[in-house]
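# Observations on the three-dimensional arrangement
Here are the chains, one letter per residue:
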Amino acid sequence: MAASFTGVSEAVFAHLPPAARFSSEDGAFLTGHASALALLEDHLTAGFYDILFAHSETARILSGGERSEREMALRRWWRRTLEGPFDAHYWEWQAAVGLIHVRVGVTNPMMIGMWGWILNALQGALVGKLNLPPQDADRMMEAFHRLAATVQAVIAESYLQNYLAVLANSTGMSPELIHRLVAVELAGLDPSAQG
């Protein structure tokens, strides 16, 4: 049984401090610049998959499908992000990505690393390709950083919750018992002794 996408996204929003998470103001700012940002779709998509296909670990995961199919998934995400709205369906969709990542073997380090690449590519493109005034580029990057933090939190939490749900289901242990066992095991570890 999979973790509830609604539950995952709601839990993330409850835990993320409001100043650190994506806001309705951020969403309005991005959708207000959608026509300019849409021009970056090809640049972001090609660069994203060039990086993934050039790395043996990520290329192995991607080998099961055509590159054009993979690129279309990113294009759909980019277009939906620029169009909005950033409603419950948007965040549930991001939570679904966590489940998909568990299924196909995309790890959280891979996901977080590629978010870093997206942010760096956007920062360069806002000034270099779109010639935005520095003040607008800074405001846009602030919004993208909060989007990245929020999406990464939702995907990572969904990944963890789905992983635990499968573990609980396959062992017959409740998630609460698994959490208790983890807490007991970790209580005896001295992090400073780890080399």
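All of these numbers come straight from a predicted model, not from anything done at the bench.

Conventions adopted
Residues numbered from 1 in each chain as written. Predicted model: local features only at pLDDT ≥ 70, side-chain atom pairs only at ≥ 80, totals over all residues. Heavy atoms only, no water. Helix = DSSP H or I, 4+ residues; strand = E, 2+ residues; numbered from the N terminus. Buried < 20%, exposed > 50% of the residue type's maximum accessible area, 1.4 Å probe, protein only. Contact = heavy atoms within 4.5 Å. Areas by Shrake-Rupley, 256 points an atom, 1.4 Å probe, with all protein chains shown as cover. Lys, Arg positive; Asp, Glu negative; His and termini not counted. Charge placed at Lys NZ, Arg CZ, Asp CG, Glu CD. Phe/Tyr/Trp six-rings, centres within 6.5 Å; stacked < 30°, edge-to-face > 60°. Lys NZ or Arg CZ within 6 Å of the ring centre and 35° of its normal. Core = buried A, V, L, I, M, F, W, Y, C linked by side-chain atoms within 4.5 Å. Axes fitted to C-alpha atoms, helices over the stretch in contact; angles between N-to-C directions. Parallel < 35°, antiparallel > 145°, perpendicular 65-115°, else oblique. Left-handed = near helix turned anticlockwise from the far one by under 90°. Nonpolar A, V, L, I, M, F, W, Y, C, P; charged D, E, K, R; others polar. Expected span 1.5 Å × (residues − 1).

Here we come to the overall build of the chain. Of the regular secondary structure elements, the chain holds 10 helices and zero strands. Put simply, the chain runs from its N terminus to its C terminus through helices and strands in the order α-α-α-α-α-α-α-α-α-α. Across the 195 residues in the chain, those meeting the buried criterion constitute 38%. Long-range pairs, those at least 24 residues apart, make up 75% of the contacts in the chain between residues at least 6 apart in sequence. For the chain, the exposed area adds up to about 10900 Å²; of that, 59% sits on carbon and sulfur atoms. On the chain, the mean spot of the 13 positive side-chain charges and the mean spot of the 20 negative ones are 4 Å from each other.

Right, let's talk about the packing of aromatic side chains for a bit. According to the stated counting rule, one finds 13 aromatic pairs in the structure shown. For the ring pair tyrosine 90 and tryptophan 91, a centre distance of 4.9 Å and an interplane angle of 85 degrees mean the geometry is edge-to-face. Comparing tyrosine 90 with tryptophan 91 shows no difference in burial state: the two are buried. When the centroid spacing of 6.1 Å and the interplanar angle of 10 degrees are considered together, the rings of tyrosine 159 and tyrosine 163 count as stacked. Separated by four residues within a single helix, tyrosine 159 and tyrosine 163 lie in helix α9 (residues 134-171), roughly one turn from each other. Relative accessible area serves as the criterion here: at 17%, tyrosine 159 is assigned to the buried category. Taken together, Phe13, Phe22, Phe86, Tyr90, Trp91 and Trp93 form an aromatic cluster joined through their ring pairs. Directly above the aromatic system of phenylalanine 29 lies the positively charged group of arginine 139, at a separation of 4.7 Å from the ring centroid.

Further remarks concern the environment of valine 104. By the secondary structure assignment, valine 104 is in helix α7 (residues 88-104). Linking valine 104 and isoleucine 61, residues 43 residues apart in sequence, is a C-alpha distance of 6.8 Å.

Before going further, it helps to examine the nonpolar core. Counting residues in each nonpolar core, the largest one holds 43 residues, and the members touching the most others are Leu37, Leu40, Trp78, Trp115, Leu126, Phe144 and Leu147. Ranked by the residues each element gives to this core, the list is headed by α9, at 10 residues. The residues contacting phenylalanine 144, other than those within four sequence positions of it, are Leu30, Leu37, Trp78, Leu119 and Leu122.

So, about the packing of helix α4 (residues 41-54) against helix α6 (residues 67-83). Helix packing for two helices is described by the angle between their axes and how far apart those axes are. The interhelical angle for the contact between α4 and α6, taken along N-to-C directions, is 135 degrees, at an axis separation of 10 Å. Overall, the two elements α4 and α6 adopt an arrangement that is oblique. The handedness of the crossing between α4 and α6 comes out as right-handed. Residue-level contacts link Glu41, Asp42, Leu44, Thr45, Ala46, Phe48, Tyr49, Asp50 and Phe53 of α4 to Arg67, Arg70, Glu71, Leu74, Arg75, Trp78 and Arg79 of α6. Taken together, the residues that form the contact of α4 with α6 break down as seven nonpolar, one polar and eight charged.

The end-to-end C-alpha separation of helix α8 (residues 108-128) is 30 Å, in line with the 30 Å expected for 21 residues at 1.5 Å each. Asn108, Met110, Met111, Met114, Trp115, Ile118, Leu119, Ala121, Leu122, Ala125 and Leu126 are the residues of α8 that are buried. Those residues of α8 that are buried lie in contact with α3 (34-37), α4, α5 (56-62), α6, α7 and α9.

Viewed as axis vectors pointing N to C, α8 and α9 meet at an angle of 170 degrees, and their least axial separation amounts to 10 Å. With respect to α9, the axis of α8 lies roughly antiparallel. Between α8 and α9 lies a crossing of right-handed hand. Contacts from Asn108, Met111, Ile112, Trp115, Leu119, Leu122, Gln123, Leu126 and Val127 in α8 reach Ala137, Met140, Met141, Phe144, His145, Leu147, Ala148, Val151, Gln152, Ile155, Ala156 and Tyr159 in α9. Partitioning the contact of α8 with α9 into residue classes produces 17 nonpolar, four polar and no charged.

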